[in-house]
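Chains, contacts and geometry: an overview
Here is how the chains run, residue by residue.
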Amino acid sequence: MTKKNRAFLKWAGGKYNLIEPITSLLPEGNKLVEPFVGAGSVFLNTDYPSYVLNDVNPDLIALFKTIKRRPQTFIHDARKLFSSKHNDDETYYALRREFNASSDSYFRSLLFLYLNRHGYNGLCRYNRSGQFNVPFGQYRKPYFPQHEIELFAAKAQRAVFTCMSFEKVFRRARKGDVVYCDPPYAPLTATANFTSYASAGFSLDQQHELARRAASAAHQRGIPVLISNHDTDLTRLLYADADLKSLQVSRFISPKADGRTKVAELLALYTPQPRAANVISLAQAKRKVAQ
């Protein structure tokens, strides 16, 4: 088996442990398009001629662009932040304040990596004012990912990085492309409060719109689309006309040490040959999940 490549960022919901089932379903194509690239594990473990890698987080995309353009300068400067004198809560919160106050793209990129590796559990979280607010992680010696950055930078020469909505990314896709979507996941239970879920940045309406656009891209434009999400009654309804594959994944779902459990994951593949079913309406989905 080919050795898997790890992303240089820690990332909640990263797809490193799902690379094999994901890549087994991805069709061949001229270009892989990722509307929700995250840390880029799928990008790093596939071999398409070219890539479009998108995310709505401007700090993430600015970091990727910086590493593509000047990896060795970035590595030289970022390494200075990975020392014992920078690994305490006082320094962490001071640098977090500097990150939130700065408008310098390169400086923010350096601190984004620092905050990712020194912050709690690799989280990437902002408050309603757009301030990064992940607490200090208290790790003994955070790892500096030089090898992973160099690997990413080399492969990034095949990639174009964009920061826009997933709807715009879908509109720009063309026949011959393959689209892989790893959106913010749907709530695990039917009793989850959709209003509070929407405040996290990806609403039930957007889940439905993603499914609609995936079906349209595949069935009307001949562009295959693969989506990963929680395996729930809701997602099975939303992806009714995709080919579905379910698997169990170990994942931390609580801050407690014993919070690691098996969670059902769903891979939904839309191909140019539609199934008999059609995308369920949002009103129908809400009614069925509430039953």
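Refer to the structure printed above.
Before going into details, it helps to say that this report is about the structure given with it. Given the structure is predicted, the values throughout are model-derived calculations rather than measurements.

Some thoughts on the packing of aromatic side chains
Throughout the structure, instances matching the rule amount to 20 aromatic pairs. Consider the rings of Tyr-48 and Tyr-51, whose centres lie 6.1 Å apart with planes at 80°: the pair is edge-to-face. Note on Tyr-51: relative accessible area 1%, which makes it buried. Summarising the aromatic geometry, the rings of Phe-82 and Phe-144 are spaced 5.0 Å apart at their centres and angled 65° between planes, so their arrangement reads as edge-to-face. You can see Phe-82 sitting in the loop between helix H4 (71-79) and helix H5 (89-101) and its partner Phe-144 sitting in the loop between helix H6 (105-118) and helix H7 (146-155), a full 62 residues away along the chain.

Some details on the nonpolar core
Membership of the largest hydrophobic core comes to 53 residues, with the highest contact counts inside it found for Phe-8, Leu-9, Leu-26, Phe-64, Phe-74, Leu-113 and Phe-152. Here this core gets seven residues from one element, more than from any other, and that element is H6. Apart from residues no more than four positions distant in its own chain, Phe-74 is found in contact with Leu-63, Thr-66, Ile-67, Tyr-106, Ser-109, Leu-110, Leu-113 and Ile-149. One finds Phe-36, Leu-204, Ala-218 and Leu-238 within the second-largest nonpolar core, a separate group that totals 29 residues.

Observations regarding the environment of Ser-102
Among the structural elements, Ser-102 can be located in the loop between H5 and H6. In this structure, Ser-102 is in contact with Phe-107 and Arg-108, ignoring residues within four places of it in sequence. Only 3.0 Å separates the side chain of Ser-102 from the backbone nitrogen of Asp-104, close enough to count as a polar contact.

The rules behind each value
- Residues numbered from 1 in each chain as written.
- Predicted model: local features only at pLDDT ≥ 70, side-chain atom pairs only at ≥ 80, totals over all residues.
- Heavy atoms only, no water.
- Phe/Tyr/Trp six-rings, centres within 6.5 Å; stacked < 30°, edge-to-face > 60°.
- Buried < 20%, exposed > 50% of the residue type's maximum accessible area, 1.4 Å probe, protein only.
- Helix = DSSP H or I, 4+ residues; strand = E, 2+ residues; numbered from the N terminus.
- Core = buried A, V, L, I, M, F, W, Y, C linked by side-chain atoms within 4.5 Å.
- Contact = heavy atoms within 4.5 Å.
- Polar contact = N/O pair within 3.5 Å; in protein donor to acceptor, adjacent residues only side chain to side chain.

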